[in-house]
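Each chain, written out:
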Amino acid sequence: MRTIVVSIHNGLLSEAITRILLDSGEFTAIQSSKISKSGNAHESCKLISADVALLGVSEADGECFEKRLKEVEKIRKDLPDCKVVMLCDENTYPELARKVVRAKKENIIDNFFYSSITANYLTAALASL
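The following paragraphs examine the structure supplied in this document.

Scoring rules and cut-offs
- Residues numbered from 1 in each chain as written.
- Predicted model: local features only at pLDDT ≥ 70, side-chain atom pairs only at ≥ 80, totals over all residues.
- Heavy atoms only, no water.
- Buried < 20%, exposed > 50% of the residue type's maximum accessible area, 1.4 Å probe, protein only.
- Helix = DSSP H or I, 4+ residues; strand = E, 2+ residues; numbered from the N terminus.
- Arc of directions from axis to C-beta.
- Contact = heavy atoms within 4.5 Å.
- Polar contact = N/O pair within 3.5 Å; in protein donor to acceptor, adjacent residues only side chain to side chain.
- Pairing = 2+ DSSP bridges.
- Right-handed = clockwise from strand over helix to strand, strands pointing away.

Observations concerning helix α2 (residues 41–48)
Part 1: Inspection of α2 places A41, H42, S44 and C45 among the buried residues, and these make up the whole buried set. Across the axial projection of α2, the buried residues extend over an arc of 165°, all falling on one side.
Part 2: Lining the buried residues of α2 we find β1 (2–7), β3 (52–57) and α3 (65–78).
Part 3: Here α2 starts with a cap whose side-chain oxygen sits 2.9 Å from the backbone nitrogen of H42, and that cap is N40.
Part 4: Phi turns positive, to about 50°, at S49, one or two residues after α2.

With respect to the pairing of strand β4 (residues 83–88)
Part 1: Across the 6 residues that make up β4, a large majority, 5, are buried.
Part 2: The pairing of β3 with β4 spans 6 bridges and is classified as parallel. Note on β4: the bridge partner recorded for V57 is C88.
Part 3: Between the parallel elements β3 and β4, the chain passes through α3 in a crossover that is right-handed.
Part 4: You can see the chain leave β4, run along helix α4 (residues 94–105) and come back into strand β5 (residues 111–114), and the turn it takes is right-handed.

Now the structure itself:
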């Protein structure tokens, strides 16, 4: 069973995605805020040797694209086999969504999802990583 760290600052969204992943039976999913006191994605991934880091990206404090890229660098350095996936709202943050797509094209991240996807697609896509 693969371990996923869910690092999304919107608590309701983070909890919902974590529950969906757990209920699929394919993952051990844990919110980063429940792993490390700081809720830092890199620290959380390192503490539990995560297979996948699911990072929310928004304009909220702690989720800005530049900060997430720094976390991605640290995850890649310390956990080279950990897949890094970004989740963003393409309707609310269209420019941010373009940056995330560019990060995927440049192989900075392994994949991305828009928050408008269905729960079934998210689960299936993460299982295929």
